[in-house]
Amino acid sequence: MLGHISEEKPGLQRLATSPAVYWIALLALCGAYLQGGITKALDFQAAVAEMAHFGLEPAQPFALAVIVLELGASFLILAGFYRWIGALALAGFTAMAAFLANAFWLADETDRLRLMNAFMEHFGLAGGFILVAWHDIKQGIARTRS
């Protein structure tokens, strides 16, 4: 066509925007939650002890809820089934966990920097999950308008 600009993406852009790369990125984002959920499920008493350590009582229901949340939300994200709900659930969980486990403002000087870094890393993860939800919702809206 005269005057037609090709919409073919260069090789690197095509690779970077491929469905496989998107799914691998989602797997990487969910990796800590898959590992955490599986580890807690395999050693439930350690999961209960972790909940008690952070003052979450009764610890057993909290441990079970965390396992279900980490594994269930990761499954939703990776399967693409209500991905946005799973992503927002992990974003909220991650933000709450950052305040609970990484309260750097309460720490002494020796732990403050380490906890501040972990706190900010958690918020980076939460932001990543919010982007996943945003993208999924936006894609859903685009599909309904087509």
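This is a predicted model, so every value here is computed, not measured.

**A word on the overall build of the protein**
Here is step 1 of the chain: Within the protein one finds 6 helices and 0 strands.
Here is step 2 of the chain: Each helix (α) and strand (β) of the protein, taken in turn from the N terminus, gives the series α-α-α-α-α-α.
Here is step 3 of the chain: Computed over the C-alpha atoms, the radius of gyration of the protein is 19 Å, more than 25% above the 15 Å expected from 2.2 N^0.38 for a compact globule of 146 residues.
Here is step 4 of the chain: Projected onto its principal axes, the C-alpha coordinates of the protein cover approximately 70 × 35 × 25 Å.
Here is step 5 of the chain: Going through the 146 residues of the protein one by one, you find that 29% of them count as buried.
Here is step 6 of the chain: Excluding contacts between residues fewer than 6 apart, the proportion of contacts in the protein whose partners are at least 24 apart in sequence is 55%.
Here is step 7 of the chain: As displayed, the protein has an accessible area near 9700 Å², and 69% of this comes from carbon and sulfur atoms.
Here is step 8 of the chain: Positive and negative side-chain charges of the protein, numbering 9 and 11 respectively, have mean locations separated by a distance of 14 Å.

**What to know about the side chain of Thr94**
Here is step 1 of the chain: Looking at the element boundaries, Thr94 is found in helix 5 (residues 83-101).
Here is step 2 of the chain: By relative accessible area, which is 1% here, Thr94 ends up buried.
Here is step 3 of the chain: Looking at Thr94, its side chain comes within polar contact range of the side chain of Tyr33, at 2.6 Å.
Here is step 4 of the chain: Excluding anything up to four places from it in sequence, Thr94 contacts Tyr33, His122, Leu125, Ala126 and Phe129.

**Notes on the layout of surface pockets**
Here is step 1 of the chain: Each pocket or cavity is described by its volume, and for the largest pocket that value is around 530 Å³.
Here is step 2 of the chain: Surrounding the largest pocket, 21 residues form its lining, Glu50, Val66, Glu70, Phe93 and Ala97 being those nearest its centre.
Here is step 3 of the chain: Breaking the lining of the largest pocket down by element, the ones donating at least two residues are helix 2 (19-42), helix 3 (44-53), helix 4 (59-79), helix 5 and helix 6 (109-145).
Here is step 4 of the chain: With 6 residues, the top contributor of residues to the lining of the largest pocket is helix 5.
Here is step 5 of the chain: Classifying every residue of the lining of the largest pocket by side-chain character gives 15 nonpolar, 3 polar and 3 charged.

**A look at the nonpolar core**
The tendency in soluble globular proteins is for nonpolar side chains to be buried as a group.
Here is step 1 of the chain: Ile77, Ala87, Leu90 and Phe129 are the most contacted members of the largest nonpolar core, which totals 21 residues.
Here is step 2 of the chain: Listed by contribution, the elements that provide at least two residues to this core are helix 2, helix 3, helix 4, helix 5 and helix 6.
Here is step 3 of the chain: Element by element, the count of residues in this core is highest for helix 4, at 6 residues.
Here is step 4 of the chain: Those residues in contact with Ile77 that sit more than four places away from it in its chain are Leu26, Cys30, Arg83, Gly86, Ala87, Leu90 and Phe129.
Here is step 5 of the chain: Ala98, Phe104, Leu115 and Phe119 belong to the second largest nonpolar core, which has 5 residues in total.

**Some details on helix 2**
Here is step 1 of the chain: Its 24 residues give helix 2 an end-to-end C-alpha distance of 32 Å, which sits within 8% of 34 Å, the value for a rise of 1.5 Å per residue.
Here is step 2 of the chain: The largest bend along helix 2 reaches roughly 50 degrees and is located at Cys30.
Here is step 3 of the chain: Along helix 2, the positions that sit buried rather than exposed are Leu26, Leu29, Cys30, Tyr33, Gly36, Gly37 and Lys40.

**Regarding the pattern of salt bridges**
Here is step 1 of the chain: The tally for this structure, following the rule as stated, stands at 3 salt bridges.
Here is step 2 of the chain: Two residues, Lys40 and Glu50, come together in a salt bridge whose shortest N-O distance is 3.6 Å. With a gap of 10 residues between them, Lys40 in helix 2 and Glu50 in helix 3 connect regions that are remote in the sequence.
Here is step 3 of the chain: A salt bridge links Glu70 to Lys40, with the shortest nitrogen-to-oxygen separation between them at 3.7 Å. Of the two residues, Glu70 sits in helix 4 while Lys40 sits in helix 2, which places them 30 residues apart along the sequence. Like Lys40, Glu70 is buried.
Here is step 4 of the chain: Each member of the salt-bridge network shares a partner with another, and the members are Lys40, Glu50 and Glu70.

What counts, and at which threshold
- Residues numbered from 1 in each chain as written.
- Predicted model: local features only at pLDDT ≥ 70, side-chain atom pairs only at ≥ 80, totals over all residues.
- Heavy atoms only, no water.
- Helix = DSSP H or I, 4+ residues; strand = E, 2+ residues; numbered from the N terminus.
- Rg over C-alpha atoms; globule rule 2.2 N^0.38 Å.
- Buried < 20%, exposed > 50% of the residue type's maximum accessible area, 1.4 Å probe, protein only.
- Contact = heavy atoms within 4.5 Å.
- Areas by Shrake-Rupley, 256 points an atom, 1.4 Å probe, with all protein chains shown as cover.
- Lys, Arg positive; Asp, Glu negative; His and termini not counted.
- Charge placed at Lys NZ, Arg CZ, Asp CG, Glu CD.
- Polar contact = N/O pair within 3.5 Å; in protein donor to acceptor, adjacent residues only side chain to side chain.
- 1 Å grid on protein atoms, 1.4 Å probe; cavity = no way out; pocket = protein on both sides within 12 Å on 5 of 7 lines; lining within 4 Å.
- Points joined across faces, edges and corners; volume = space filled by probe spheres on them.
- Nonpolar A, V, L, I, M, F, W, Y, C, P; charged D, E, K, R; others polar.
- Core = buried A, V, L, I, M, F, W, Y, C linked by side-chain atoms within 4.5 Å.
- Expected span 1.5 Å × (residues − 1).
- Bend = angle between axes of the 7 residues up to and from the residue.
- Salt bridge = Lys/Arg side-chain N within 4 Å of Asp/Glu carboxyl O.

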